[in-house]
Amino acid sequence: AQTVTQSQPEMSVQEAETVTLSCTYDTSENNYYLFWYKQPPSRQMILVIRQEAYKQQNATENRFSVNFQKAAKSFSLKISDSQLGDTAMYFCAFLETSGSRLTFGEGTQLTVNP
Amino acid sequence: DSGVTQTPKHLITATGQRVTLRCSPRSGDLSVYWYQQSLDQGLQFLIQYYNGEERAKGNILERFSAQQFPDLHSELNLSSLELGDSALYFCASSRGAPPLNQPQHFGDGTRLSIL
């Protein structure tokens, strides 16, 4: 079974600075997808970014980028120019290419301070 | 707005009761997924339906059941409710079955409180 680990329960950053959230996973699969979801206080689950394991190039979406290290099974999220609206719980998630279920990590609560 | 609609937003009921949670997927999406988010278990996959048929099952209790209707909306039925069933229940949808089962877009969730 796949497992996803987020070792940082809480993090904080000053507005306009850069922060990196860590995620590691364990799988014997070669083809899979990785995601970061954001859950603000409103409790919505919002897709931030996704990475396909067969693509070596790291995904980017505006201020959000990932550092995908397949051999190390590591998938970190970098948020640049942090904004107050980035304050949320961030979940790392794994999906087998042939599977249906997203496996989530425990989450990292990020607080952006003014 | 993800395009996935869940109703109701909040539900308060008592132990032993039965409730139904409803989900309408994004336009064009054939797959619907149900997840449970609780304080002690985190986010757990419950079940997936694809075009009306059950496709995958996760940690879903026997007291829980789901179905997907011809118009593709889905319902999650929870019966003989216990205090531990209090949680946020999410519905998600995606275009199709693997490999078109991602990304999954989530609704706003239904918060279920058991008194």
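Preceding block: the structure.
Residues numbered from 1 in each chain as written. Chains lettered and ligands numbered in written order. Predicted model: local features only at pLDDT ≥ 70, side-chain atom pairs only at ≥ 80, totals over all residues. Heavy atoms only, no water.

> Explain unusual backbone geometry residue by residue, including any values.
Cis rather than trans, the peptide bond between T7 of chain B and P8 of chain B has omega equal to -10°. Among the secondary structure elements, P8 of chain B is positioned in the loop between β1 (5-7) and β2 (10-13). Even without a glycine there, the phi angle at N62 of chain A is positive, about 55°. In this structure, N62 of chain A sits in the loop between β7 (60-61) and β8 (64-69). Take N62 of chain A: its relative accessible area is 80%, and that puts it in the exposed class. (Helix = DSSP H or I, 4+ residues; strand = E, 2+ residues; numbered from the N terminus. Buried < 20%, exposed > 50% of the residue type's maximum accessible area, 1.4 Å probe, protein only.)

> Could you give an account of the interface of chain B and chain A, with specific residues and numbers?
You'll often see interface size given as the accessible area lost when the parts meet. Tallying the contact residues gives 23 residues for chain B and 19 residues for chain A. Between chain B and chain A, roughly 1700 Å² of surface is buried when both sides are summed, and carbon and sulfur atoms account for 54% of that area. A per-residue breakdown of the area chain B buries against chain A is headed by L43, Q102 and F106 of chain B, which together make up 31% of the total. Seen at the junction of chain B and chain A, the total is zero salt bridges. Scanning the region where chain B abuts chain A turns up eight residue pairs in polar contact (both at pLDDT 80 or more). Only β4 (31-38), β5 (42-50), β6 (53-57), β9 (87-94) and β10 (105-106) of chain B provide two or more residues apiece to the side of chain B that touches chain A. When grouped by side-chain class, the residues that make up the side of chain B that touches chain A number 11 nonpolar, eight polar and four charged. (Contact = heavy atoms within 4.5 Å. Buried area = accessible area lost by both parts, 1.4 Å probe. Salt bridge = Lys/Arg side-chain N within 4 Å of Asp/Glu carboxyl O. Polar contact = N/O pair within 3.5 Å; in protein donor to acceptor, adjacent residues only side chain to side chain. Nonpolar A, V, L, I, M, F, W, Y, C, P; charged D, E, K, R; others polar.)

> Kindly report on the pattern of salt bridges, identifying the contributing residues and their values.
The final tally for this structure, using the stated rule, is eight salt bridges over all chains. Here R63 of chain A makes a salt bridge to D86 of chain A, at a shortest N to O gap of 2.8 Å. Here the residue R63 of chain A occupies a position in the loop between β7 and β8, and D86 of chain A occupies one in the loop between β9 (74-79) and β10 (88-96), the gap between them amounting to 23 residues. Owing to a relative accessible area of 3%, D86 of chain A belongs among the buried residues under this scheme. For R63 of chain B, the salt bridge goes to E82 of chain B, with nearest N and O atoms at 3.7 Å. Taken together, the residues R63 of chain B in the loop between β6 and β7 (64-68) and E82 of chain B in the loop between β8 (74-78) and β9 connect sequence positions 19 residues apart. One network of salt bridges, in which partners are shared, links R26, D29 and R95 of chain B.

> Help me get a handle on the state of the cysteines, residues and values and all.
Residues and elements named next belong to chain B. One pass over the full model with this rule turns up two disulfides over all chains. The partner cysteine of C23 in its disulfide is C91, sulfur to sulfur 1.8 Å. Taking the sign of the torsion about the S-S bond as the criterion, the disulfide between C23 and C91, at about -55°, is left-handed. Of this pair, C23 sits in strand β3 (residues 19-24) while C91 sits in strand β9, placing them 68 residues apart in sequence. Exposure class is identical for C23 and C91. Each is buried. (Disulfide = S-S within 2.5 Å.)

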